[in-house]
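Per-entry structural report
Spelled out, the chains give:
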Amino acid sequence: MAINIILLGPPGAGKGTQARRLEEGRGLVQLSTGDMLRAARSSGTEMGKRVAEVMDKGQLVTDEIVIGLIREKLEGGDAAGFIFDGFPRTLPQADALGKLMEGMGRKIDAVIEMRVDDEALVARITGRYTCGNCGEVYHDDTKPTKVAGVCDVCGSTDLRRRADDNEESLKTRLLEYYKKTSPLIGYYYALHMLSTVDGLAEMDEVSAAITAVLDKRASNS
Ligand code: AP5
């Protein structure tokens, strides 16, 4: 079924983890602005270098850059539906997304807030690593690879930790979230689009809660 979803939550809330599950389960396309920006920084262009500096400090990249990246993906993509992971993150980004979707004759069907307390986020962020080949997300304690140093999904040994996954950057990332992104909770609540799930629950329980939200939205539409 065609459905467009926004996953909203602080760094480490589990947006990427759940987006990958939704992609597999429902044939949707994950649009992660974090992944797009990491691709831009590894391109070594002037823009990529500027982006890298901002990301490593834990600050937000300009609205102009991220809206441009999303526009490009939406215009070039022909998916049944999209999962917006880490976008929008500011009110201007939310307005821009609404207009882009409207222009394509689509709409956002659900905004899912994943609520997690700050203490859990520190543990999640500092223990995270990712497969550089297929993007699978792991954690030292809660989701280690079955064989040390080898990705369960694709067998790659290119397992990486992110430059901004340290306590110092996380402080700024959280501040940016509460200052600039959390107002979106009220924004989407007022539009009757918001649902909240407990992001502190086990991964499978979070997936089940998201499925319940999507089923309820589908039966009401
Ligand atoms: P981005 O890449 O979007 O990072 P983020 O929002 O900080 O989110 P994370 O990827 O850190 O966490 P997540 O919620 O996806 O959690 P995950 O599933 O990995 O952004 C990075 C930077 O790019 C920003 O700081 C900014 O500079 C820039 N940027 C990106 N988008 C932007 C935008 N729109 N505007 C401006 N700037 C932008 O899970 C985390 C860990 O926890 C993993 O190890 C996982 O295994 C584990 N875990 C997940 N779920 C559970 C669970 N239920 N129980 C136990 N462990 C769990």
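Above this note sits the structure.
Quick caveat, the model's predicted, so the values are computed rather than measured.

Before going further, it helps to spend a moment on the overall build of the protein chain. The secondary structure content of the protein chain amounts to nine helices and eight strands. Its C-alpha atoms give the protein chain a radius of gyration of 17 Å, near enough to 17 Å, the size a compact globule of 221 residues would have. Each principal axis of the C-alpha distribution contributes one length, and for the protein chain these read about 45 × 40 × 35 Å. The buried share among the 221 residues of the protein chain stands at 44%. Nonlocal contacts in the protein chain, meaning residues at least 24 apart in sequence, comprise 68% of its contacts between residues at least 6 apart. As displayed, the protein chain has an accessible area near 11300 Å², and 52% of this comes from carbon and sulfur atoms. Charge separation in the protein chain, taken as the distance between the mean sites of 29 positive and 34 negative side-chain charges, equals 2 Å.

With that out of the way, let us pick up the packing of aromatic side chains. Evaluation of the coordinates by the stated rule reveals four aromatic pairs. Ring geometry for Y177 against Y178: centres 5.4 Å apart, planes inclined by 75°, an arrangement best described as edge-to-face. What makes Y177 buried here is its relative accessible area of 7%. Plain terms: the ring middles of Y187 and Y188 are 4.9 Å apart, the flat faces sit at 85° to each other, and that makes the pair edge-to-face. Owing to a relative accessible area of 25%, Y187 belongs among the partly exposed residues under this scheme. The residue whose ring lies beneath K143 is Y138, and the NZ or CZ to ring-centre distance is 5.1 Å.

Contacts to the ligand come from 36 residues, most closely from T17, Q59, R89, R128 and Y138. Side-chain polar atom of Q93 to a nitrogen atom of the ligand: 3.0 Å apart, as the coordinates give it. Within the side chain of R173, a nitrogen or oxygen atom sits 2.8 Å from an oxygen atom of the ligand. Contact with the protein chains hides 96% of the accessible area of the ligand, taken as 1000 Å² for the molecule alone. Among the secondary structure elements, those contributing two or more residues to the shell around the ligand are α1 (15-26), α2 (33-42), α6 (118-126), β6 (137-139) and α9 (203-220). Broken down by element, the residue count for the shell around the ligand peaks at four residues, all from α2.

Looking now at the pairing of strand β4 (residues 110-115). For β4, the buried fraction is high: five of the six residues fall into the buried class. As paired strands, strand β1 (residues 5-8) and β4 are joined by four bridges and run parallel to one another. Considered in β4, the bridge of L7 is made with I112. Of the pairings in the sheet, the one linking β4 to strand β8 (residues 194-198) comprises five bridges and is parallel in character. Bridging across to β8, M114 finds its partner in V197.

Relative orientation of the contacting elements α1 and α9 amounts to 60°, with a least axis distance of 11 Å. What the angle tells us is that α1 and α9 run oblique. For the pair α1 and α9, the sense of crossing is right-handed. When α1 is examined against α9, the residues T17, Q18, R21, L22 and R26 are found in contact with a partner set consisting of M203, D204, V206, S207, I210, T211, L214 and D215. Looking at the contact of α1 with α9 residue by residue, the class counts come to five nonpolar, four polar and four charged.

Cut-offs applied
Residues numbered from 1 in each chain as written. Predicted model: local features only at pLDDT ≥ 70, side-chain atom pairs only at ≥ 80, totals over all residues. Heavy atoms only, no water. Helix = DSSP H or I, 4+ residues; strand = E, 2+ residues; numbered from the N terminus. Rg over C-alpha atoms; globule rule 2.2 N^0.38 Å. Buried < 20%, exposed > 50% of the residue type's maximum accessible area, 1.4 Å probe, protein only. Contact = heavy atoms within 4.5 Å. Areas by Shrake-Rupley, 256 points an atom, 1.4 Å probe, with all protein chains shown as cover. Lys, Arg positive; Asp, Glu negative; His and termini not counted. Charge placed at Lys NZ, Arg CZ, Asp CG, Glu CD. Phe/Tyr/Trp six-rings, centres within 6.5 Å; stacked < 30°, edge-to-face > 60°. Lys NZ or Arg CZ within 6 Å of the ring centre and 35° of its normal. Near = heavy atom within 4 Å. Polar contact = N/O pair within 3.5 Å; in protein donor to acceptor, adjacent residues only side chain to side chain. Pairing = 2+ DSSP bridges. Axes fitted to C-alpha atoms, helices over the stretch in contact; angles between N-to-C directions. Parallel < 35°, antiparallel > 145°, perpendicular 65-115°, else oblique. Left-handed = near helix turned anticlockwise from the far one by under 90°. Nonpolar A, V, L, I, M, F, W, Y, C, P; charged D, E, K, R; others polar.

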